[in-house]
Amino acid sequence: MSLIPTLIETVSRARTDLRIGLPVVLGGYLAAAIETLSPDRLALMRQLGAAHLALTSWRAGTLKARVYDGDLARIALPPDADLAWLRSMADPAGDLMTPMKGPLNSLRGGDVAAHRAAIALAKSAELLPAVLMVPVDSVPEGLTRLEPGPALEQLARESIMAPVAAARLPLLAAENSKLHIFRPDDGEAEHYAVEIGAPSRDKPVLARLHSACFTGDVLGSLKCDCGPQLHAALGAMGQAGEGVLIYLNQEGRGIGLANKMRAYALQAQGFDTVEANHRLGFEDDERDFRIGAGILRRMGFSKVRLMTNNPRKVSMLEGHCIAVTERVPLITPRNRHNTGYLDVKAEKSGHLL
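Residues numbered from 1 in each chain as written. Predicted model: local features only at pLDDT ≥ 70, side-chain atom pairs only at ≥ 80, totals over all residues. Heavy atoms only, no water.

Attention shifts here to the state of the cysteines. Applying the stated criterion across every chain yields a total of 0 disulfides. The cysteine Cys 224 is free of any disulfide, with Cys 226 supplying the nearest cysteine sulfur at 3.6 Å. Owing to a relative accessible area of 3%, Cys 224 belongs among the buried residues under this scheme. With a relative accessible area of 14%, Cys 226 lands in the buried category. (Disulfide = S-S within 2.5 Å. Buried < 20%, exposed > 50% of the residue type's maximum accessible area, 1.4 Å probe, protein only.)

Ranked by size, the top nonpolar core spans 36 residues in total, and within it Leu 30, Leu 53, Leu 77, Leu 86 and Leu 132 carry the most contacts. If you list the elements that add at least two residues to this core, you get strand 2 (29-33), helix 2 (39-48), strand 3 (52-56), strand 4 (72-76), helix 4 (83-90), strand 5 (130-135), helix 10 (257-268) and helix 11 (273-280). By residue number, the principal contributor to this core is helix 4, which donates 5 residues. Ignoring anything within four residues of it in the chain, the contact list for Leu 132 reads Leu 30, Ala 31, Ala 32, Ile 34, Leu 37, Leu 42, Met 45, Ala 51, His 52, Leu 77 and Leu 86. (Core = buried A, V, L, I, M, F, W, Y, C linked by side-chain atoms within 4.5 Å. Helix = DSSP H or I, 4+ residues; strand = E, 2+ residues; numbered from the N terminus. Contact = heavy atoms within 4.5 Å.)

Attention now goes to the pattern of salt bridges. In total, this model carries 21 salt bridges according to the counting rule given. The shortest N-O distance in the salt bridge between Glu 35 and Arg 262 comes to 3.0 Å. Within this pair, whereas Glu 35 is found in the loop between strand 2 and helix 2, its partner Arg 262 is found in helix 10, the two being separated by 227 residues in sequence. Glu 35 sits in the partly exposed class, given a relative accessible area of 23%. In this structure, a network of salt bridges that share partners links the residues Glu 35, Asp 91 and Arg 262. (Salt bridge = Lys/Arg side-chain N within 4 Å of Asp/Glu carboxyl O.)

In structure tokens form, the structure reads like this:
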């Protein structure tokens, strides 16, 4: 044991640095998130070397930039590129007003592990996946340093969930309920489990993995079906007298509330849910359902009757030591605001609606 940060702690530190606008060192590169980069730090970084922009292939495709590196593209910065230009490349909010941002010169050749790690870090920080990269021989002291390979491995590993606290919490749906708090070992958000009644650990438990939706769960948004699904699941468990609902803090299919609002703004321009995510540079769904499996295992459950319309949840649980003995459909009423959203869920995401 040492007072020196471990790899997992250093990755957590790097995530925080990007969120507050500090660059981090990844191998032979300085990397800074475009979303939080300041003009002064941009100028200082450009003094150190030939800066370029790393984007996901989804965002590069929207910008009509050539993609030579599979899942990402590297774009050379024009001599007059300022922070406004970089942010227009990262954020699609103004794409329809200024669709032509080129000509864009995509770089090719060489190792892109550092770029891939930088984008993964930005995503884990719930920032737009667009990063300024500067190759450097020496860097200022005090910056967080990581090697790209180990950083990528750490970001891809399954979090270890530790129980932190639990207490009885009478709910409208079921008075005999308890709320459990679980903390991951990687410094990211805590997740919750609502245990209703005293379900046996020896037989399948009625269960749901529910991803956080502030707009639907708390505000009652009509744009999605999340709030009605949450309350329908709790109601069914309350009526059955037992169940467990895992509440995963993975807002907006894992992209965070700010990016979810960016996606909503794009939807107002005419793009559907999946198209909006891609224009932002994200995958269709960035959630990690292994977290739910880990919490169920920590609570002693190995078999579930899973309340879901998403076959991906079933296959993920079954691949991580949780037997799904039954898929219980969770269909809620449509309204004029969410019909298109539900159609896209079925057509593009495979939900059984």
